[in-house]
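Listed below are the residues making up each chain.
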Amino acid sequence: RKYNVAVVGASGAVGEELFRVLEEVKFPIGDLLPLASANSVGIEVECQGKAYKIEELTETVFEGRDIDIAFFSAGGSISAQFARFAVEAGAVVIDNTSHFRMDPDVPLVVPEVNPEDIELWQDTGVIANPNCSTIQMVQLLKPLDDLYGIKRVDVSTYQAVSGAGKAGMEELVKQMQDFFAFKLDETEIKAFSHQIALNVIPQIDVPQENGYTKEEMKMVNETNKIMHSDFAVSATCVRVPVLRSHSESITITFREGVDVSVEEAREALANFENVKVIDDLEKGEYPMPIIATDTDYTYVGRIRKDIFAENILHMWGVADQVRVGAATNAVRIAQKWIKLEEAV
Ligand code: 2RA
């Protein structure tokens, strides 16, 4: 059977990528309804060889359209205001924003890690897509937690500008152009709190009362919700001048008494769905944004045992933020949701 699909935020970076991913996976689309704010109305989008015009997102736009699946990626306030109208019209909402993520009634899903939670969608009609930096990390944590049992995770991220959408990518490009035109000192700073070209910014999202940023607390809270765990997580989230793949340096402390084997860990990671190991330091082979970009895999390398403790492992993970961290994860959720529907 075919499914009628709506995409809210159709002109954004994630919206555009969704059309590409839906096409690549030959998603069984019946009708497609691209939605955005009034500014984008009339813009044409293409998917699976057909052209569609963007319509305005309103409270009534879902009525009578028989939408089965509505992807939302237009910001938390838009999801807060409009998701319920899609649900009331009979759709399952797969939400890419942070709005519903920590709602205890809404499943927060990375299909490789907790696909079973998709079943809970009926409670609210919404399935939440986790934060990009969390998705790629839990894909690496899950096989190692199954193997040894995690006690604590310490992560530092190197996050691409695509996390701030098209505006973020455009700002990096413009600042690089200004640098080569000897005009960097008068460049516009809008998408980030400081100049991002030739810089790194140790702040993503707003400060919290505990001295962490909201992005860092997303990694703490979302990780344990997805993995149904309660291990300690500490994150330092940093914006770097990379276009669209996030990198993460991850240190995992396993339970007392575990003696980690790098070989065993590497094998568990290599066997995990949608994870690829690139790990040969002698040959200079390890994951990098230029390898991960435009792919649907989460890459891991630099896997090594701590020098001082037997139960600690260090590794380096990279994934495309727009795909693995958003569009592809959302489409994978939709594919699993369809399987569930068709099994009933
Ligand atoms: C970022 N986490 O990288 C955000 C995007 N979801 O800014």
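All values reported here derive from a predicted model rather than from experimental measurement.

Parameters and conventions
- Residue numbering note: each chain is counted from 1, following its sequence as written.
- Thresholds applied to this predicted model are a pLDDT of at least 70 for local features of residues and 80 or more for the giving and counting of side-chain atom pairs; totals over whole chains, interfaces and linings are not thresholded and use all residues.
- Numbering of helices and strands starts at the N terminus; helices are DSSP runs of H or I of at least 4 residues and strands are runs of E of at least 2.
- In this setup the radius of gyration rests on C-alpha atoms only. A globule is expected at 2.2 Å times the number of residues raised to 0.38.
- For every residue pair, C-beta atoms are placed from the backbone, and the pair is scored as a contact if these atoms sit within 7 Å.
- UniProt positions are given in the numbering used here, feature names are shortened, and annotations may be inferred rather than shown by experiment.
- By definition, a nonpolar core groups buried Ala, Val, Leu, Ile, Met, Phe, Trp, Tyr and Cys residues that are joined through C-beta atoms within 7 Å.
- Here a residue counts as buried when 20 or more other C-beta atoms fall within 10 Å of its C-beta, as exposed when 12 or fewer do, and as partly exposed in between; the C-beta atoms come from the backbone.
- Domain delimitation follows an automatic or database domain assignment.
- Any two strands are treated as partners once DSSP identifies two or more bridges connecting them.
- Axis definition: a line fit to C-alpha positions, over the contact stretch in the case of helices; interaxial angles, taken between N-to-C directions, run 0 to 180 degrees.
- For each residue, a C-beta position is placed from the backbone atoms; the residue is near a molecule or strand when that point lies within 6 Å of it.
- For this classification, Asp, Glu, Lys and Arg are treated as charged, while Ala, Val, Leu, Ile, Met, Phe, Trp, Tyr, Cys and Pro are nonpolar and the rest, including Gly, are polar.
- Orientation labels follow simple angle bins: below 35 degrees gives roughly parallel, above 145 gives roughly antiparallel, 65 to 115 gives roughly perpendicular, and whatever is left gives oblique.

Caption draft 1: Here's a closer look at the overall build of the protein. Along its length, the protein carries eight helices and 14 strands. Compactness check: the protein gives a C-alpha radius of gyration of 20 Å against a globular reference of 20 Å for 344 residues, within 12% of the reference. For the protein, the spread of C-alpha atoms along the three principal axes comes to 65 × 60 × 40 Å. For the protein, the proportion of contacts with a sequence separation of at least 24, taken over those separated by at least 6, is 68%.

Caption draft 2: Up close: the UniProt feature "domain: Semialdehyde dehydrogenase NAD-binding" (unreviewed entry) in the protein. Residues given the UniProt feature "domain: Semialdehyde dehydrogenase NAD-binding" (unreviewed entry) here are residues 4–121. Segment residues 4–121 splits into 21% helix and 26% strand. End C-alpha atoms: 18 Å apart.

Caption draft 3: A look at the nonpolar core. If you look at the biggest cluster of nonpolar residues, it comprises 92 residues, and the most contacted ones within it are Ala-6, Val-8, Leu-18, Ile-69 and Ala-70. Mapping this core onto the domain boundaries places at least three of its residues in each of domain 1 (3–130 + 326–343) and domain 2 (133–321). Each residue touching Ile-69, except ones within four places of it in the same chain, is listed here: Tyr-3, Val-5, Ala-91, Val-92, Ile-94 and Ala-334. Counting residues in each nonpolar core, the second largest holds eight residues, with Ala-160, Ala-164, Leu-172 and Val-242 among its members.

Caption draft 4: Structural detail: unusual backbone geometry. In this structure, Asn-274 is a non-glycine residue whose phi angle is positive, near 65 degrees. If you trace the backbone, Asn-274 turns up in the loop between α6 (262–270) and β12 (275–277). Look at Asn-274 and you get partly exposed, because 17 C-beta atoms sit within 10 Å.

Caption draft 5: Representation of the sheet that holds strand β14 (residues 312–320) in the model. A sheet is described by the order of its strands in space; here six strands give the open sequence β10-β9-β11-β14-β13-β12, paired in mixed fashion. Strand pairing shows two members of the sheet lacking a second neighbour, β10 (232–239) and β12, which therefore form its edges. Neighbour to neighbour, the strand axes of the sheet diverge by 20 degrees on average, direction disregarded. Contacts between helix α5 (residues 214–227) and the sheet are confined to β9 (150–159) and β10, with β10 contributing the most and set at about 145 degrees to the helix. Packing against the sheet, α6 makes contact with β12, β13 (298–305) and β14, and its axis sits at approximately 170 degrees to β13.

Caption draft 6: Region of interest: the site of the ligand. Looking at the ligand, the residues that line it are Asn-131, Cys-132, Ser-133, Gln-159, Gly-163, Ala-164, Ile-204 and Glu-215. Partitioning the shell around the ligand into residue classes produces three nonpolar, four polar and one charged.

Caption draft 7: Structural context of the domain arrangement of the protein. Looking at the assigned domains, one finds that the protein contains domain 1 (3–130 + 326–343) and domain 2 (133–321). Counting residues at the interface gives 14 residues for domain 1, matched by 20 residues for domain 2. At three residues, the largest contribution of residues to the side of domain 1 that touches domain 2 is made by helix α8 (residues 323–343). Of the residues belonging to the side of domain 1 that touches domain 2, the class tally is seven nonpolar, five polar and two charged.

Caption draft 8: Inspection of the packing of helix α3 (residues 132–148) against α8 at higher detail. Packing of α3 against α8 brings their axes to within 8 Å, and their N-to-C directions diverge by 85 degrees. When the axes of α3 and α8 are compared, the pair comes out roughly perpendicular. Across the interface between the two elements, Cys-132, Ile-135 and Gln-136 of α3 pack against Val-324, Gly-325, Ala-326 and Asn-329 of α8. In terms of residue class, the contact of α3 with α8 is built from four nonpolar, three polar and no charged.

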